[in-house]
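# Understanding the architecture of this molecule
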Amino acid sequence: MSGLEAAGGSVLGAAGEEEARDTAALLEGVLPRELRPLFDASFVRSHFLYEQFVHRLVLQVVRETGLEDALRDEGSTEDIALRAKLAAAPALVPLDWILRSLAARGLLAEPAGQGRGRYRALGPLPVLDPGAVREEQLRSAPTWMASYVLAETVARDYPAFLRGEVAGEDVLFSAKRLRLWIDYFSNDNGLYAVNNRVGAIAADAWLPPSGGIILELGGGLGSGALALLERLETAGRLGEIAGYRFTEFVPAFLRRGEQAVQTRYPALSALSAATLDMNRPFAEQGVERGSVALVYAVNTLHVAQDLEFTLGEIFQALAPGGRLVVSECVRPRPRQPIEAEFVFNLTETFRSPRLHPLYRPSGGFLTPEQWRGAMEAAGFVETRFLPDIPSLRDKAPRFVVAAVGATRPGG
Ligand SMILES: C[S@@+](CC[C@H](N)C(=O)[O-])C[C@H]1O[C@@H](n2cnc3c(N)ncnc32)[C@H](O)[C@@H]1O
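Conventions adopted
Residues numbered from 1 in each chain as written. Predicted model: local features only at pLDDT ≥ 70, side-chain atom pairs only at ≥ 80, totals over all residues. Heavy atoms only, no water. Buried < 20%, exposed > 50% of the residue type's maximum accessible area, 1.4 Å probe, protein only. Helix = DSSP H or I, 4+ residues; strand = E, 2+ residues; numbered from the N terminus. Pairing = 2+ DSSP bridges. Contact = heavy atoms within 4.5 Å. Axes fitted to C-alpha atoms, helices over the stretch in contact; angles between N-to-C directions. Parallel < 35°, antiparallel > 145°, perpendicular 65-115°, else oblique. Nonpolar A, V, L, I, M, F, W, Y, C, P; charged D, E, K, R; others polar. Phe/Tyr/Trp six-rings, centres within 6.5 Å; stacked < 30°, edge-to-face > 60°. Lys NZ or Arg CZ within 6 Å of the ring centre and 35° of its normal. Domains from an automatic or database assignment. Buried area = accessible area lost by both parts, 1.4 Å probe. Salt bridge = Lys/Arg side-chain N within 4 Å of Asp/Glu carboxyl O. Polar contact = N/O pair within 3.5 Å; in protein donor to acceptor, adjacent residues only side chain to side chain.

### Observations regarding the pairing of strand S3 (residues 118–121)
Side-chain alternation along S3 places Tyr119 and Ala121 on a buried face and Arg118 and Arg120 on a face that remains uncovered. Inspection of the sheet shows strand S1 (residues 75–76) paired to S3 by 2 bridges, in the antiparallel sense. From the neighbouring strand, Ser76 faces S3, where its bridge partner is Arg118. With 2 bridges joining them, strand S2 (residues 108–109) and S3 adopt antiparallel strand pairing.

Encoded structure:
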């Protein structure tokens, strides 16, 4: 803990607070008007706090796994994993993320330069209390707590996961952890809600004017669907929806998601719900070719086992002129660590999809160029971003939320 923190000052420090204010002012000037209320000064400050919280959890994990000793001499991620006796297969991607995060904060040297993935500690790593950040967040914007609880819960099991003693899927998805996800994938979660709101704004803007059938993939617990339906309701467009096909892979999520949407929209006769695995042919799962006006997904496509396959299935499901809209955590630059990956790197589907040299060089979140490359390789045209991360990322390098849209040509 710094002296300032001990004296009750901000955990971001004066410089961090100023940077948060400057970033909020900048976003107010450069974001499209309809996005500005989502990314106001309170959001930016909470985002900075959350990054600081995850950083402190990472430092804790590094101490608990003996990685600090393993970092005294220069080594590749593999060398460092071996020295710290970590389990190579599941640990390498999360460990590489941890090392890139520490390097990005100036705590590790990357001696080979140019992101070659060799690291060495520049000195003793700081000991910082995550609890102080949590308390500050609780005081200033308690709606973010679900994200804190999830990260903190995961951090407790991280050393065992890195050592190969427990599977990441068991850490994240054991039955006792369902509550965490109900609270996390929610429009009451200040961090997560922006994904749903940005996606809803984009889907409203890019839904073909004639409306039609919407197919949602990975609809989970329903927060994305609710945000979209609320947006369309406000715009007076609910009547344009010929069908809302809410789909999800995990049955326990599907049931709850369907229930949440039905409870909020009891009169929406167009609603149907079904299991759909985006890694299997859609036609086998009841989605007719050329039948859909909009395929919609919030933070789902980046876990497709084979993005090329899934985008091909989406393309076939769409009618000519139909639109794909995904709301995603977008990586501004290759290899840039994003704090949500601390949690999601635990799952194999997140870290190890089928790779493609141009648009899927690694697992996890994609850059704008990778999204464009993947969508255009599948035959889509008019790929677009809301907000336009390529023109935003120099000014706001920590802005990582965007909707990506593309069109099936024809129609
Ligand atoms: C980030 S969550 C989406 C959360 C959702 N928007 C909500 O409000 O709860 C991603 C979703 O993708 C789902 N998913 C994972 N693998 C899938 C697959 N193979 N096919 C379809 N959905 C999948 C997960 O179960 C999860 O619900």
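### Here's the deal with the sheet that holds S1
Strand order in the open sheet made by the 3 strands is S1-S3-S2, with antiparallel pairing throughout. Both edges of this open sheet fall to S1 and S2, since each of them pairs with a single strand only. Sheet contacts for helix H6 (residues 88–104): S2 and S3; angle to S3, the most-contacted strand, approximately 60 degrees.

### A look at unusual backbone geometry
With an omega of -5 degrees, the peptide bond between Leu386 and Pro387 qualifies as cis. Here Pro387 shows up in the loop between strand S9 (381–386) and helix H18 (389–392). In this structure, Lys85 is a non-glycine residue whose phi angle is positive, near 55 degrees. By the secondary structure assignment, Lys85 is in the loop between helix H5 (77–83) and H6. A positive phi angle is found at Glu382, which is not glycine, with a value near 55 degrees.

### Overview of the packing of H6 against helix H8 (residues 145–162)
Between H6 and H8, the least distance of the axes is 10 Å, while the angle of their chain directions is 125 degrees. As judged from the angle between their axes, H6 and H8 are oblique. Contacts between H6 and H8 pair Pro90, Ala91, Pro94 and Ile98 from the former with Tyr158, Phe161 and Leu162 from the latter. Its residues placed into classes, the contact of H6 with H8 shows 7 nonpolar, no polar and no charged.

### Comments concerning the packing of aromatic side chains
Applying the stated criterion across every chain yields a total of 20 aromatic pairs. Ring centres 5.1 Å apart and planes at 85 degrees place the aromatic pair Phe39 and Phe43 in the edge-to-face group. In terms of burial, Phe39 and Phe43 fall into one category: buried. Each ring, one from Phe350 and one from Phe365, has its centre 5.1 Å from the other, and the planes form 80 degrees; the classification is edge-to-face. Of the two residues, Phe350 sits in helix H16 (residues 348–351) while Phe365 sits in the loop between H16 and helix H17 (368–377), which places them 15 residues apart along the sequence. One aromatic cluster is present, formed by Phe173, Trp181, Tyr184, Phe185, Tyr192, Phe344, Phe350 and Phe365 through successive ring pairs. Stacked on the ring of Tyr265, the Lys or Arg Arg264 has its end atom at 4.4 Å from the ring centre. Here the guanidinium or amino end of Arg398 rests over the ring plane of Phe48, the centre of that ring lying 3.7 Å away.

### A short note on the sheet that holds S9
Read across the open sheet, the 7 strands follow the order S6-S5-S4-S7-S8-S10-S9; overall the sheet is mixed. Two strands bound the open sheet, and with one partner strand each, they are strand S6 (271–275) and S9. Between one strand axis and the next, the sheet turns by 15 degrees as a mean value, whatever way the strands run. Taken together, the 6 bridges between strand S7 (residues 292–298) and strand S8 (residues 318–329) define a ladder with parallel strand orientation.

### Some thoughts on the domain arrangement of the protein
Under the domain assignment used here, the protein contains domain 1 (3–184) and domain 2 (193–407). The gap between the C-alpha centroids of domain 1 and domain 2 is 26 Å. If you look at the interface, domain 1 gives 46 residues, while domain 2 gives 30 residues. Contact between domain 1 and domain 2 buries roughly 3,400 Å² in total, counting both sides, with carbon and sulfur atoms accounting for 74%. At the surface where domain 1 touches domain 2, the tally comes to 3 salt bridges. The tally of links from domain 1 across to domain 2 stands at 9 residue pairs in polar contact (both at pLDDT 80 or more). Take the side of domain 1 that touches domain 2: its biggest share by element is 9 residues, from helix H3 (residues 41–64). Looking at the side of domain 1 that touches domain 2, its residues break down into 34 nonpolar, 5 polar and 7 charged.

### Here we look at the pattern of salt bridges
Evaluation of the coordinates by the stated rule reveals 26 salt bridges. For the salt bridge of Glu74 with Arg118, the shortest nitrogen-to-oxygen distance reads 2.6 Å. Of this pair, Glu74 sits in the loop between helix H4 (67–70) and S1 while Arg118 sits in strand S3, placing them 44 residues apart in sequence. Since its relative accessible area comes to 30%, Arg118 is described here as partly exposed. A salt bridge links Arg384 to Glu382; the shortest N-O distance between them is 3.3 Å. Overall, Arg384 belongs to the partly exposed group, its relative accessible area being 25%. Judged by its relative accessible area of 48%, Glu382 falls in the partly exposed class. Through salt bridges with shared partners, a single network forms among Arg197, Glu230, Glu233 and Arg264.

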